[in-house]
Amino acid sequence: MNIDLTMLEWARAQFAMTALFHFFFVPFTLGMSFMVAFFETIYVKTGKKEWKEITQFWQLIFGINFAIGLSTGIIHEFEFGTNWSTYSWVVGDLFGAPLAVEGIVAFFMEATFAAISFFGWKRVSKGIHLASTWLLAIGSNLSALWILIANGFMQHPSNEFGRYSIENARLEMTDFWALITQPVAQVKFLHTISASYTLASIFVLGISAFYLLRKKHIDFAKKSAAVAAAFGLVASIFTAVIGDEHAYQVTNTQPTKIAAVEGLYIGKKGAPIVAIGIPKNLKATEVTSNDEAFVFKIELPKMLSILGKHRFNAYVPGLKDLIEGNPEYGIWPLKKLAQIGKEAREDLYKYHEAKKTGDTATMQAAKEDFYKVVWEDPKTGIKLTKADFIGYGYFANPNIDPDLIHPPVPPVFYAFHIMVALGFWFIILFIWAWVAVVKGSFETNALLQRLAVLSVPLPWIATSFGWMTAEIGRQPWTVFGVLPTAESVTPIALQNVQATFFMFLTAFVILGIAELKILFTVVKSGPKGAH
């Protein structure tokens with residue numbers, strides 16, 4: 001398939017723009033849905049009117065973002081069909097199933113209980129209303145679960161739940177239960193929702209601090225801050241803990257991503273983490289030492305081996321090892337992977353050519369060769385066939401730059417490290433805020449209040465950078481090891497993608513301005529103006 005590379009970059013830019021805009025709303029609504037449920041639970045339990053006002057105020061803010069987040073998510077679904085139809089054809093059986101469940105189950109729950117929760121205050125009993133608010137929160141988070149199951153498959157397409165069908169020339173599901181319980185997706189889900197709870201908690205804490213600094217809505221702000229500090233402290237610590245497990249999963253399923261994240265070009269035992277550094281944009285094949293890959297760096301010895309392998313002196317491969325191979329540690333070179341992938345593609349072609357003429361003997365021979373086992377783990381018994389490496393066949397051309405097989409180092413390095421640094425700041429902020437709440441000094445601590453206000457935009461930066469680390473770090477693949485990004489796009493005219501890019505950009509600018517104007521108006525009005 002001949003792809004216009006300029007069109008490919010426009011399609012990628014359009015998807016990235018849509019994803020980033022959509023992702024401004026997703027973590028906020030995931031976290032705020034539970035914050036609202038907590039506030040309403042306190043109201044129902046105490047029967048005090050002020051807790052109802054608190055609930056309704058934060059619910060209004062949640063509702064504004066919920067509506068815009070939903071509309072921007074639908075645009076994503078269309079882009080899979082318009083700009084990424086090859087991807088949709090090849091992996092639709094696996095990718096589409098969790099999206100369908102999300103639409104049927106999670107969307108149904110959200111739509112049903114959102115109506116009761118937002119508009120049922122005077123129409124249903126307290127108990128039914130509270131149950132609706134909780135079910136709305138659970139439905140919203142279940143929606144994220146199915147999305148991340150789909151995304152988890154793209155990060156690590158294990159043959160435990162799918163295989164490449166030679167008959168239909170596409171990936172097909174073999175075990176739905178294995179798909180939804182895949183460890184990569186479960187860890188991503190927990191990491192994402194806990195980060196979302198952190199984001200929402202900082203927003204509530206920051207707005208509460210803003211009111212205290214302005215000497216307005218004092219009781220409302222103190223109560224809101226107390227709940228936000230407690231929820232945020234638990235969520236931020238859990239985000240760090242599950243983030244450690246997430247790094248372990250990435251190290252063992254996407255070695256090029258973790259090597260790029262840490263700027264590790266030459267693999268080593270007891271590999272360090274670069275705490276602070278300025279990486280250079282180098283070709284891995286030309287690097288001779290890890291030191292030359294940075295302008296400067298401060299390392300934490302052995303931490304990458306501990307984080308990624310859970311052993312002090314474990315070997316972590318670098319980008320150069322993953323391109324040129326390392327026989328000592330059983331790492332195959334790209335050339336070998338590409339050759340196996342090329343043979344798999346040739347088997348696929350032979351099968352379908354023979355099918356046209358009814359040559360069943362050739363079809364059977366091609367099929368047996370396609371599913372021939374080329375690697376087996378002696379400890380676990382896991383087997384990989386030629387079909388599992390079919391994506392590498394796209395890199396069999398000897399003229400292809402081998403450095404295209406890994407993501408660019410500087411973007412993922414900075415995105416990951418800024419995300420981690422902000423994550424630690426959030427833990428410090430919540431510890432400080434929680435101690436102040438317990439001591440009764442939050443109301444008078446102006447420095448803490450100002451820092452809380454200034455921190456409001458930071459979790460959006462952290463979550464966006466986390467998402468960028470995951471998605472840029474997976475390049476050059478849409479489905480790791482199976483389908484390159486360049487082969488996933490729809491072969492359509494450049495003008496079509498450019499036209500929709502600017503159409504969506506215009507829509508997002510208008511929606512963004514409207515969202516901020518409404519949000520600022522509601523915050524300025526305060527809890528009395530919520531309903």
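Residues numbered from 1 in each chain as written. Predicted model: local features only at pLDDT ≥ 70, side-chain atom pairs only at ≥ 80, totals over all residues. Heavy atoms only, no water.

### Describing the overall build of the protein
The helix and strand tally for the protein stands at 16 helices and ten strands. What you see for the protein is a C-alpha radius of gyration of 25 Å, in line with the 24 Å of a compact globule of 531 residues. Each of the 531 residues in the protein was classed as buried or not, and the buried ones make up 52%. Excluding contacts between residues fewer than 6 apart, the proportion of contacts in the protein whose partners are at least 24 apart in sequence is 77%. (Helix = DSSP H or I, 4+ residues; strand = E, 2+ residues; numbered from the N terminus. Rg over C-alpha atoms; globule rule 2.2 N^0.38 Å. Buried < 20%, exposed > 50% of the residue type's maximum accessible area, 1.4 Å probe, protein only. Contact = heavy atoms within 4.5 Å.)

### With respect to the pattern of salt bridges
Counted according to the given criterion, the structure contains twelve salt bridges. Linking Asp-401 and Lys-283 is a salt bridge whose minimum nitrogen-to-oxygen distance equals 2.5 Å. Taken together, the positions of Asp-401 in the loop between β8 (383–385) and α13 (409–439) and Lys-283 in the loop between β4 (273–279) and β5 (294–300) put the pair 118 residues apart, joining distant regions of the chain. The salt bridge involving Lys-386 is made with Asp-369; its shortest N-O contact spans 2.8 Å. Of this pair, Lys-386 sits in the loop between β8 and α13 while Asp-369 is found in helix α12 (residues 360–370), placing the two residues 17 residues apart along the sequence. A residue is classified by how much of its surface remains accessible, and Lys-386, at 6% relative accessible area, is buried. Relative accessible area serves as the criterion here: at 26%, Asp-369 is assigned to the partly exposed category. If you follow the salt bridges from partner to partner, you end up with Glu-343, Asp-347, Asp-369 and Lys-386 in one network. (Salt bridge = Lys/Arg side-chain N within 4 Å of Asp/Glu carboxyl O.)

### Thoughts on α13
Side chains three or four residues apart in an α-helix point the same way, a direct result of the helix having 3.6 residues per turn. Counted at 1.5 Å a residue, the expected span for α13 with its 31 residues is 45 Å, and the 45 Å between its end C-alpha atoms agrees. One or two positions beyond α13, positive phi appears at Gly-440, with a value near 80°. (Expected span 1.5 Å × (residues − 1).)

### Some thoughts on a nonpolar patch on the surface
On the surface, a nonpolar cluster with roughly 670 Å² of combined accessible area is contributed by Ile-276, Ile-278, Val-295, Phe-296, Ile-298, Tyr-414, Ile-418 and Ile-461. Within the residue set of the nonpolar patch, elements represented by two or more residues are β4, β5 and α13. If one sorts the elements of the nonpolar patch by residue count, β5 sits on top with three residues. Along the chain, Ile-298 turns up in strand β5. Ile-298 sits in the partly exposed class, given a relative accessible area of 45%. (Patch = residues over 30% accessible without salt bridge, like charges linked within 9 Å, V, L, I, M, F, W, Y side chains within 5 Å. Areas by Shrake-Rupley, 256 points an atom, 1.4 Å probe, with all protein chains shown as cover.)

### Structural notes on the packing of helix α6 (residues 183–213) against helix α14 (residues 446–454)
Relative orientation of the contacting elements α6 and α14 amounts to 135°, with a least axis distance of 8 Å. With respect to their mutual orientation, α6 and α14 come out oblique. Crossing of α6 over α14 shows left-handed handedness. Between α6, through Leu-205, Gly-206, Ala-209, Phe-210, Leu-212 and Leu-213, and α14, the contact on the second element is made entirely by Ala-446, Gln-449, Arg-450, Ala-452 and Val-453. The residue inventory of the contact of α6 with α14, partitioned by class, reads eight nonpolar, two polar and one charged. (Axes fitted to C-alpha atoms, helices over the stretch in contact; angles between N-to-C directions. Parallel < 35°, antiparallel > 145°, perpendicular 65-115°, else oblique. Left-handed = near helix turned anticlockwise from the far one by under 90°. Nonpolar A, V, L, I, M, F, W, Y, C, P; charged D, E, K, R; others polar.)

### Here's the deal with unusual backbone geometry
Cis geometry is adopted by the peptide bond preceding Pro-476, which originates at Gln-475 and carries an omega value of 20°. Residue position: Pro-476 is located in the loop between α15 (458–472) and β9 (477–479). For Lys-215, which is not glycine, the phi dihedral falls at a positive 60°. Of note in this structure, Lys-302 is not a glycine but carries a positive phi near 65°. Within the secondary structure layout, Lys-302 lies in the loop between β5 and α9 (303–309).

### Some points on the nonpolar core
In terms of nonpolar packing, the biggest core is built from 104 residues, with Trp-58, Phe-153 and Leu-205 touching the most fellow members. Among the elements that take part in this core, α6 stands out by supplying 14 residues, more than any other. If near-sequence neighbours (up to four positions away) are discounted, Leu-205 is found in contact with Ala-225, Ala-228, Ala-229, Leu-429, Phe-430, Ala-433, Phe-442 and Ala-452. (Core = buried A, V, L, I, M, F, W, Y, C linked by side-chain atoms within 4.5 Å.)

### Looking at α12
Those residues of α12 that fall on the buried side of the exposure criterion are Met-363, Ala-366 and Phe-370. Along α12, the residues classed as buried sweep out an arc of 70° about the axis, all on the same side. Across α12 from its buried face, at more than 90 degrees, point the exposed residues Ala-361 and Glu-368. Those residues of α12 that are buried are in contact with β1 (162–165), α11 (334–357) and β8. (Arc of directions from axis to C-beta.)

### A short note on the pairing of β1
As paired elements, β1 and strand β2 (residues 170–173) share four bridges and run antiparallel to each other. The partner of Ser-165 across the bridge, within β2, is Arg-170. Between β1 and β2, which follow one another and run antiparallel, lie four residues, and Ala-169 among them has a positive phi close to 55°. (Pairing = 2+ DSSP bridges.)

### A few points about the environment of Ile-104
Examined against the element boundaries, Ile-104 turns out to sit in helix α3 (residues 85–119). Taking the relative accessible area as the measure of exposure, Ile-104 reaches 62% and is therefore exposed. Between the C-alpha atom of Ile-104 and that of Lys-122, which follows or precedes it by 18 residues, the distance is 29 Å.

### Side note on the packing of aromatic side chains
Tallied over the entire structure, the rule returns 45 aromatic pairs. Measuring from centroid to centroid gives 5.1 Å for Trp-10 and Phe-501, while their planes differ by 90°, and the two rings are edge-to-face. Remark: Phe-501 occurs in helix α16 (residues 494–525) and Trp-10 occurs in helix α1 (residues 5–46); sequence separation between them is 491 residues. The exposure class assigned to Trp-10 is partly exposed, which follows from its relative accessible area of 22%. Judged by its relative accessible area of 13%, Phe-501 is buried. Judged by centre distance (5.2 Å) and plane angle (90°), the ring pair of Phe-57 and Phe-220 falls under edge-to-face. (Phe/Tyr/Trp six-rings, centres within 6.5 Å; stacked < 30°, edge-to-face > 60°.)

### Re the confidence of the model for the protein
Residues of the protein with pLDDT of at least 70 account for 98%, and the chain-wide mean is 91. The least confident element of the protein is helix α2 (residues 49–82), whose mean pLDDT is 85; the most confident is α14, at 97. (pLDDT = per-residue confidence, 0-100.)

### Thoughts on the environment of Val-261
Within the secondary structure, Val-261 sits in helix α8 (residues 255–261). A relative accessible area of 3% places Val-261 in the buried class. Separated by 152 residues in the primary sequence, Val-261 and Phe-413 have C-alpha atoms spaced 4.4 Å apart. Leaving out residues up to four positions away in the same chain, Val-261 has contacts with Val-412, Phe-413, Phe-416, His-417 and Thr-469.

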